[in-house]
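Okay, here's what each chain looks like letter by letter:
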Amino acid sequence: YNCLILLDQTRLPEEERYLEFHHWSDVADAIRNLVVRGAPAIGVTAAFGVVLALRESHANDFDGLLADLETASKGLAATRPTAVNLFWALDRMKRTFVAEKGKALDELRERLLLEATRILKEDVAANQALGRHGVAVVPRGARILTHCNAGALATAGYGTALGVVRSAHAE
């Protein structure tokens, strides 16, 4: 894959529109302009923004590629200064990169793609586990009202608080 595809949440609920991103700076703009909302979704998006930054890089050595990763990370971090998941994901991507020092640049790029994919899958798995465990506290026939962005759009695809509601409904 050579791009990141995001649902444009600024168009919801009137329109379902997907946008393609090929550059980390455009991903940063998407986060800043609320195309992506919800802390977990922002973190996952930032991880893939780093992947795009490494693909864009013309560096021919580890240090050059690391410098480009750091530039992108700073730009992505500036989009939402209070987003904990954003900083966590960027830090994890950098730690993964540094731990792989000595590998070929193409291998480093692939390793970061794998890490971003893991972050995405881990978010879905954690939310599904939260849903399974949360079912125990939801009485049968309950009516639940949430005022926060806690559904699939705020996460990598399942939902935190609404993940519990989804699981309870399924049971």
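Everything that follows concerns the structure shown earlier in this document.
Parameters and conventions
Residues numbered from 1 in each chain as written. Predicted model: local features only at pLDDT ≥ 70, side-chain atom pairs only at ≥ 80, totals over all residues. Heavy atoms only, no water. Core = buried A, V, L, I, M, F, W, Y, C linked by side-chain atoms within 4.5 Å. Buried < 20%, exposed > 50% of the residue type's maximum accessible area, 1.4 Å probe, protein only. Helix = DSSP H or I, 4+ residues; strand = E, 2+ residues; numbered from the N terminus. Lys, Arg positive; Asp, Glu negative; His and termini not counted. Salt bridge = Lys/Arg side-chain N within 4 Å of Asp/Glu carboxyl O. Contact = heavy atoms within 4.5 Å. Expected span 1.5 Å × (residues − 1). Phe/Tyr/Trp six-rings, centres within 6.5 Å; stacked < 30°, edge-to-face > 60°.

A.B. asks: Lay out the nonpolar core with the relevant residues and their values.
C.D. replies: With 41 residues, the main nonpolar core has Phe 21, Leu 76, Met 93 and Phe 97 as its most contacted residues. Counting residues per element, the ones that place at least two in this core are β1 (4–7), β2 (18–21), α1 (24–32), α2 (39–56), α3 (62–77), α4 (84–99) and α5 (105–134). Top contributing element to this core by residue count: α2, with 11 residues.

A.B. asks: Hey, could you go over the side chain of Asp 123 for me, with residue numbers and the actual values?
C.D. replies: Inspection of the secondary structure assignment puts Asp 123 in helix α5. Buried and without a salt bridge, Asp 123 has Arg 92 as its closest oppositely charged side chain, separated by 9.5 Å. Beyond its immediate sequence surroundings of up to four residues, Asp 123 is in contact with Pro 40, Val 44, Thr 155 and Ala 156.

A.B. asks: Tell me what's going on with unusual backbone geometry, and back it up with residues and numbers.
C.D. replies: Here the amide bond leading from Leu 12 into Pro 13 is cis, since omega sits at 0 degrees, within 30 degrees of zero. Looking at the element boundaries, Pro 13 is found in the loop between β1 and β2. Unusually for a residue other than glycine, Leu 34 sits at a positive phi of about 70 degrees. You can see Leu 34 is positioned in the loop between α1 and α2. By relative accessible area, which is 37% here, Leu 34 ends up partly exposed.

A.B. asks: Tell me about α5, and please be specific about residues and values.
C.D. replies: For α5, which comprises 30 residues, the first-to-last C-alpha distance of 43 Å matches the rise-based estimate of 44 Å (1.5 Å per residue) to within 8%. Among all positions in α5, only Leu 105, Leu 108, Arg 109, Arg 111, Leu 112, Glu 115, Ala 116, Ile 119, Asp 123, Asn 127, Gly 131 and Gly 134 are buried. Those residues of α5 that are buried lie in contact with α2, α3, α4 and α6 (161–170).

A.B. asks: Lay out the packing of aromatic side chains in plain terms, naming residues and giving numbers.
C.D. replies: Following the criterion strictly, the structure yields one aromatic pair and no others. When the centroid spacing of 4.8 Å and the interplanar angle of 15 degrees are considered together, the rings of Phe 62 and Phe 97 count as stacked. Within this pair, whereas Phe 62 is found in helix α3, its partner Phe 97 is found in helix α4, the two being separated by 35 residues in sequence. The pair Phe 62 / Phe 97 is uniform in exposure class, with both members buried.

A.B. asks: An account of α3 is requested, with residue identities and associated values reported.
C.D. replies: Taking 1.5 Å as the rise per residue, α3 with 16 residues should run 22 Å; its terminal C-alpha atoms sit 22 Å apart, in good agreement. Those residues of α3 lying buried are Phe 62, Leu 65, Leu 66, Leu 69, Ala 72, Ser 73, Gly 75, Leu 76 and Ala 77. Among the structural elements, α1, α2, α4 and α5 are those in contact with the buried residues of α3.

A.B. asks: An account of the environment of Val 165 is needed here, citing residue identities and associated values.
C.D. replies: With respect to the secondary-structure elements, Val 165 resides in helix α6. Separated by 14 residues in sequence, Val 165 and Gly 151 place their C-alpha atoms 9.4 Å apart.

A.B. asks: Residue-level account of the environment of Ala 78, with values.
C.D. replies: With respect to the helices and strands, Ala 78 occurs in the loop between α3 and α4. Distance from Ala 78 to Ile 31, taken between C-alpha atoms, is 9.9 Å for residues 47 residues apart in sequence.

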